[in-house]
Every structure is written in C-alpha cells, then in structure tokens.
Amino acid sequence: MFEYLGRPLNDWSRGSRRLDDGCELIQKRLAMHLYRTHSCGALRAEHIGAQVRLSGWINAKRDHGQLLFIDLRDRSGITQIVAPERSDELAALSGARLESVVTVTGTVVKRSQETVNPKLNTGEIELQVSTVEIQSEAVTLPFPVAGDQPIGEDARLRYRFLDLRREEVGRNILLRSKVIASIRRRMHEAGFVEFQTPILTASSPEGARDYLVPSRLHPGQFYALPQAPQQFKQLLMVAGFDRYFQIAPCFRDEDARADRSPGEFYQLDLEMAFVDQEEVFATIEPVLAGIFDEFSDWIVTPAPFPRLTYKEAITTYGSDKPDLRNPIHIFDVSDVFRESGFKTFSAAVRDGQVVRALAAPGAAKRSRNYFDQLVKWARSELRSPGLAYLVIDGESKGPVAKFLSKEDVRILSERTGAKDGDAIFFFCAQEYVAARQAGALRQRLGDDFDLIEKNAYRFCWVVDYPMYEREEKTGNIEFSHNPFSMPQGGLAALNTKDPLEILAYQYDVVCNGIELSSGAIRNHRPDIMLRAFEIAGYSADEVKERFGGMLQAFAYGAPPHGGLAPGVDRMVMLLADQQNIREVIAFPMTQNALDLLMGAPSQVSEQQLKDLHIRLELPPDEEPEESKTIDCSE
RNA sequence: GGGGUCGUAGUUCAGUUGGUUAGAAUGCCGGCCUGUCACGCCGGAGGUCGCGAGUUCGAGUCUCGUCGGCCCCGCCA
C-alpha cells in the first residue's frame, strides 16, 4: 500500500541520475558516495556482485560470536549485513548498540536458498561487509524502536524522535505528506490559487478562546493567532482572486479530544467567488472523494454525497455529524405513547416532550445484565432519568411492555423496523435532548452489536443549519454557527421571520461520524450583515469596530462567495485508520497542551517580560514551575 | 471547571481477602556461540511500587490529597 517501501531514495545523489539505476554506473564512479550508493530497501538479486555502500540505523543484531548479522534500516527498508569472521568490522558492529548510525561498505551477495528471507524486500541478498564506519553511537534506548510493542504515551512524546522511527507512526507521517501533496495538486488543477495569510493577526470576539501574543511596540496590546484565516480569505474574494486555498494552520485555545489536538491544527481552507452552495459541493466533492480513493482501498461515497438537512440529521441520527455506516435509524413515536398506559411518557408528551425510538437487531439475546448496564449508562452518561425498552422475543417483554397494548407494540415494531429477536429503546425528553440521547445510544448499539460497516468511508453533507439559536442560560438569540453566513431568504427573512426559524447557507461535511468541515455561503452584503448582527444583539458600531476591515471591504464591491475548510489532520487520521489524531502529527502535544519534548509552555526571562510590558500575577497557590528549557538569558 | 481510568525494573506487564526477601518477558552488563532474521545457551545487575499524608501490628494492595498519561462532559463562531 505504501509505495515508498522498497523504492530507492531519490534525494541523496548529487548527480541528476540516481545511482540505483544500475551497478555499471556505480562502478564507473572513481570514488563512492561518502555515505551511500543505495538505500537500505533498494538492493535486489540484480545487484549481486556489486560493491555498494549503505548507511542507516542498526535495527537488530544477531551475534553468533564468529558470525554477526545486522539489520540495517532506513525509511526505505532493511538490508541484512554480514560481518566476516574474526574481523575488525565484526568487532566494531558487535560493539555498537541498537539504533547506532553506521556506514557499511561491501559486496552484495546472493543468499543460499535456505537462508532467503521472504519477509524482506531485500531478502534474496545480503551485504558482505568490508569496511565499517560508526557515524553516531546510540546510548541505551528508553523503549524499543524495532517491533510494534505498545509504548506509554508520555514516553513516546518525550522521545518523539525515536517514536517517529517506529514503523506505524512513520508510515502515518509519510501518508500525511502524500495526502497534502495530492490536495495541493488537486486544488491547483481545479483552478485554486494558494495563499499565505498572517499568523499574527487581531483577536476576534466570536468563537473559541484566542492564543494571544503581546506586542512589544504597542504596550498593552496583543496580536492573536488566527483561529482560521476566515476574514483574510473573504478579503481575497473581494480582491477578485476567485478561488483561494491554503493548507492553513489554525490556533484555538480549547481543550483536546481524541480527534482534536490542543492548540493547533491544519485545515484545507478554501473559498470561491460567484458560487452557490451546490457549486461549492460539486467542486470539493471530487477532491475529497479523490483523496480518499487515492489513499485507501476502502469503499468511498461517490460524488455527489448525500445531503441531509440539519433537522433530518438530528431527527434520524440524533447527531449533526451522523455516522452513516451505522444502519440504525431513530424514529418519532410520540403519538403512540401519547395515548398509551405508560403515564410517565404520555404525560410528558402532552406536556410537549417527544419520544424517540430506535431498534437494536438481535438484542433480545442479550442478558438482563446487559440491559441493566445500558440503563445505568443512560443515567450517568446521557443524564437521562431512565431508559425504557421493549424486548420483542415471541411476545413483548421489558419494563414498559405491560403498559402497551398489542396494537401499540405492532405499530412500534413496524415503525422502527424491529423484528422478532430485536429490542426497541425509548427516550422521552425535550425534542433536542431526546434526539441527542437517542443519537448516543445509536452509536453505542452500533458498536455493541458490531453493526458499523467495515472498510468504508461514508460521506454526507449536513445542510440548512439554523442561523440563530437561543442561548439556554441567558435566553438570548445567538449565532448558531458562523456569523458571516448568508441567511436563506436574505434581508427579507431577517426582517420578517422568527429568528429561530431562519436557516443559513451553512453546511458541514461529515465522514464516518467525524465532522471534517464547516462551511458557508457568506454574507457579502453590509446591509444584511448589520441586520444579522443586530438580531444577535450587536449594534452597528460594535460590528464596525470588530469587523471593520471586512465590512469596509464589502462596501467596495464584493462578489457573492462561499467556501469551507476540511480538517487535514482528521482526513489523514481517517485514512490512516487511527483512533487518535496524535498518530498523524509529527510533534503533538499531550491532551493537557504540554510539549513534553521541547518543554512548552515554559517560563521566560524577566527581561523578555519587561520588553513586552508584562508583569505576572499568578494565582496565590501556584508557584511558577521550573523552566524546562535552557536559560540563555544569563 | 467536572467525571472516569491508568501509574510496579529501561520497556511491556503480573502481583490473590492487606501478610515472609515485589515477580515474568524483553532490554541492559559479562561469558559462550559460523547461517541467523523474535538467533540460541549460561550468569549478573537493575525497584523511593508516581509523590505526600492517613488507617493498620503490618500497605504495591484500603482511604484522602496531589502530580502525570489517556478517555469523556463542559468548551470547540
């Protein structure tokens, strides 16, 4: 799958031709290259008899006293090195620890039939060594580099340079490089222009917490690292560049998750002028599907991806990032319970709550304990008062069975698709809460019953997000997503409709339950923008102060435009089939936003603080930690 | 900010209802070994059981606190 294996490296030869092209060329050279004529994965039977030089890391050593085998490794593969008996070379190699870097020169020899190693690409040959140079002696390792033994996360991060030598992580990082190269190629081919935008920019009032950078020249003022190049890309549209993209670093000071690295991440940020939503989709679908097709042999949703409205996604899947590999659907059964004998639910439904149901195929076989565990889980994890369920096993059983008529059960089974041997679960709550609870259970049942489709990337668009939502604590109307989205229906909708009913040209692209990206058709009209912000409680002056640059730009002729920004780390994570985003980042921080290798964050010198006009005021019980970096300020 | 879980040799792990001197594999050090590719054989060293209190005659084991890794909630326009 990874074609670098067994391929020659191509960057170490100063000449325009690769030396791997043939032994003759090597023989013609008066002097060999200082370090290597071939990579460690390059040699084959055709090289037998050639004088070659290899450099690499000692991956493994098999010392038989008067016979010594070394597995010499670089990123391209492994070659077995054999040292002659009673030689200085044998002594030198025997004394070198694993992971030492050595250069060996010798003759490629054929292995006898019995000693061929079919596991290695180079397994038909070995290198009979004549000279050895130890380039760099390694001390004893904190963990094994060879093999795939699990290693503690902290040790891996502290010695990330060793961890990256290990096969799986190394493969992920190389995959990342190829994915990014392919993205660039595809975007250029689709007519996009690549830009760089500022890293030191202004703090924006919306969104996540900013990372701040104090200004030396302007006491008391701060730059912010961009949470995304949102305003810059829109300004580039105003500038007339039509199609923008960037592999953009984004910085958000929010807490980590398995699919969310703390602090920083990369997006394929893109924006297009003179497009509607469908045109954005049609442009980016082939890029996404193409990337996933190119780097995986799993099934990939072909373009056009299915479109779900936000409302459908929440009702049918209980999530705005539905995993379409999971066959379970969620159904509204409020009407069945409204008139049922199950008083808890019927009263709640009459009170405006809803009942959502989902069926788990084959669940009737599970023990009573399994259901008890689920109820417990629903109470603690979903904060649901309980979990009602109905086991269809010849007759209907379970805690709510006695409250339901035969006809009720028939309707419930029919609607949820439950057959004999299945179980149906119910949540009763406010619409949104019930949906989320059912969505969480849907995911859990999918895992518990092994229902998730294997070897498939299932994409979909979630469209028609509401423009506004009501903040629960304050009751205020807020933007539910990006405040720069165009409301559907434009100014007229803003002026005439209930804000909570207004939809936005706002969309997400989702793959296997992971949100790859948000995007929107933007609001390019200053008048509509001021009105949109007014509804969310911002005065015209505030908007002008906070987004003045963009608002002003839109007054000088702005094209209708829109775009999105799929997360690059998440794409690679999906392609590498990894459960954690750290596995596709070369130098990730811990969940706690610490860089264990570089020691970030760290203290700085008094002088640095003084230059920045900053005085520390620490919480009383917190002594500043010893700085882990070298103090160069003395 | 909150919840869960883990922390024992360099590494990966075991360690019973609290009970003698805390074990294994691997790595490391020394010796032997000419066809291995997880090389093999013999020997050795290696532990503040994350840290600090407490309960107890006695704590790796129980309790509380704390630090760190991971997972989750909040947060992530």
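Criteria and thresholds
Residues numbered from 1 in each chain as written. Chains lettered and ligands numbered in written order. Predicted model: local features only at pLDDT ≥ 70, side-chain atom pairs only at ≥ 80, totals over all residues. Heavy atoms only, no water. Patch = residues over 30% accessible without salt bridge, like charges linked within 9 Å, V, L, I, M, F, W, Y side chains within 5 Å. Areas by Shrake-Rupley, 256 points an atom, 1.4 Å probe, with all protein chains shown as cover. Salt bridge = Lys/Arg side-chain N within 4 Å of Asp/Glu carboxyl O. Lys, Arg positive; Asp, Glu negative; His and termini not counted. Charge placed at Lys NZ, Arg CZ, Asp CG, Glu CD. Helix = DSSP H or I, 4+ residues; strand = E, 2+ residues; numbered from the N terminus. Pairing = 2+ DSSP bridges. Axes fitted to C-alpha atoms, helices over the stretch in contact; angles between N-to-C directions. Buried < 20%, exposed > 50% of the residue type's maximum accessible area, 1.4 Å probe, protein only. Disulfide = S-S within 2.5 Å. Near = heavy atom within 4 Å. Polar contact = N/O pair within 3.5 Å; in protein donor to acceptor, adjacent residues only side chain to side chain. Nonpolar A, V, L, I, M, F, W, Y, C, P; charged D, E, K, R; others polar. Core = buried A, V, L, I, M, F, W, Y, C linked by side-chain atoms within 4.5 Å. Contact = heavy atoms within 4.5 Å. Left-handed = near helix turned anticlockwise from the far one by under 90°.

Draft legend 1. Local environment of a positive patch on the surface. Where like charges cluster on the molecular surface, the positive patch consists of Arg257, Arg260, Lys321 and Arg436. Tracing the chain through its elements places arginine 260 in the loop between β9 (243-252) and β10 (263-273).

Draft legend 2. Expanded view of the sheet that holds strand β4 (residues 101-110). What the five strands build is a closed barrel, ordered β1-β2-β3-β5-β4; its pairing is mixed. The mean inter-strand angle of the sheet, taken between neighbouring strand axes irrespective of direction, is 55°. Sheet topology places strand β2 (residues 68-74) next to strand β3 (residues 77-83); seven bridges connect them, and they run antiparallel. When the bridges of β3 are listed, leucine 72 appears paired with threonine 79.

Draft legend 3. Focus on unusual backbone geometry. Between alanine 303 and the following residue, proline 304, the backbone shows a cis peptide bond with an omega angle of 0°. Position of proline 304 among the secondary structure elements: in the loop between β11 (299-300) and β12 (307-309). The amide bond that connects alanine 600 to the next residue, proline 601, takes the cis arrangement and shows omega of -5°. Counting through the fold element by element, proline 601 comes out in the loop between α18 (568-575) and α19 (606-611). Phi is positive for phenylalanine 274, close to 55°, though the residue is something other than glycine. Following the sequence through the fold, phenylalanine 274 ends up in the loop between β10 and α7 (277-295). Using a relative accessible area of 55% as the deciding quantity, one classes phenylalanine 274 as exposed. The backbone phi angle of arginine 383 is positive, close to 50°, even though this residue is not glycine. Here arginine 383 lies in the loop between α11 (368-381) and β15 (388-393).

Draft legend 4. Summary view of the pattern of salt bridges. Counted according to the given criterion, the structure contains 40 salt bridges. A salt bridge links arginine 185 to glutamate 189; the shortest N-O distance between them is 3.5 Å. One end of the pair is arginine 185 and the other is glutamate 189, both in helix α5 (residues 167-189) and four residues apart, which spans about a single turn. The exposure class of glutamate 189 is exposed, given its relative accessible area of 60%. Glutamate 414 is the salt-bridge partner of arginine 410, the closest N and O atoms lying 3.0 Å from each other. Separated by four residues within a single helix, arginine 410 and glutamate 414 lie in helix α12 (residues 406-416), roughly one turn from each other. Judged by relative accessible area, arginine 410 falls into the partly exposed class, the value being 43%. Classification of glutamate 414 as exposed rests on a relative accessible area of 60%. Each of Glu153, Arg156, Arg160, Asp163, Arg166, Arg582 and Glu583 takes part in a single network of salt bridges with overlapping partners.

Draft legend 5. Quick look at the state of the cysteines. With the rule as written, the count across this model stands at zero disulfides. The thiol of cysteine 511 is not disulfide-bonded; the next cysteine sulfur, from cysteine 460, is found 8.8 Å away. Classification of cysteine 511 by relative accessible area gives buried; the value is 0%.

Draft legend 6. Here's a closer look at the protein's contact with RNA strand B. Every one of the 45 residues lining RNA strand B counts as a neighbour, but Asp63, Glu85, Gln149, His481 and Asn580 are closest to it. Within 4 Å of the protein, the contacting atoms of RNA strand B are 49% sugar and phosphate, with bases supplying the remainder. The contact in question runs from a phosphate oxygen of RNA strand B to an N or O atom on the side chain of arginine 252, over 3.1 Å. Grouping the constituent residues of the surface near RNA strand B by class yields twelve nonpolar, 17 polar and 16 charged.

Draft legend 7. Spotlight on the nonpolar core. In this structure, Phe292, Phe459 and Tyr468 are the most contacted members of the largest nonpolar core, which totals 67 residues. The contacts of phenylalanine 292, once residues within four sequence positions are left out, are Val300, Tyr457, Phe459, Cys511, Met571, Leu574 and Leu575. Ile330, Ala363, Phe371 and Leu382 belong to the second largest nonpolar core, which has 24 residues in total.

Draft legend 8. Up close: the packing of α7 against α18. Two numbers describe how α7 lies on α18: the axes approach to 10 Å, and their chain directions differ by 35°. You can see that α7 and α18 cross each other, and the crossing is right-handed. Residues Leu288, Ile291, Phe292 and Phe295 of α7 pack against Met571, Leu574 and Leu575 of α18. Split by residue class, the contact of α7 with α18 holds seven nonpolar, no polar and no charged.

Draft legend 9. Quick peek at the packing of α5 against α7. For the pair α5 and α7, interaxial distance at closest approach is 10 Å and the crossing angle is 145°. Like other packed secondary-structure pairs, α5 and α7 cross with a definite hand, here right-handed. Along the contact surface, α5 presents Leu175, Lys178, Val179, Ser182, Ile183, Arg185, Arg186 and Met187, while α7 presents Ile284, Pro286, Val287, Gly290, Ile291, Glu294 and Phe295.

Draft legend 10. Inspection of the sheet that holds strand β24 (residues 561-564) at higher detail. With mixed pairing, the eight strands of this open sheet are ordered in space as β6-β9-β10-β24-β23-β22-β19-β12. Bordering the open sheet on either side are β6 (193-194) and β12, each of which pairs with just one other strand. In the sheet, β10 pairs with β24 via four bridges, with the strands oriented antiparallel. Following the sheet pairing, alanine 273 is matched in β24 by histidine 561. Across the face of the sheet, α5 comes into contact with β6, β9 and β10 while running at roughly 145° to β9. α7 contacts β9, β10, β12, β19 (459-463), β22 (506-511), β23 (514-521) and β24 of the sheet and is inclined by roughly 155° relative to β19.

Draft legend 11. Expanded view of the pairing of β3. Most of β3 sits inside the fold, with seven of its seven residues counted as buried. As defined by bridge partners, β3 adjoins strand β5 (residues 125-136) across two bridges and the pair is classed as parallel. Opposite isoleucine 81, over in β5, you have leucine 127 as the bridge partner.

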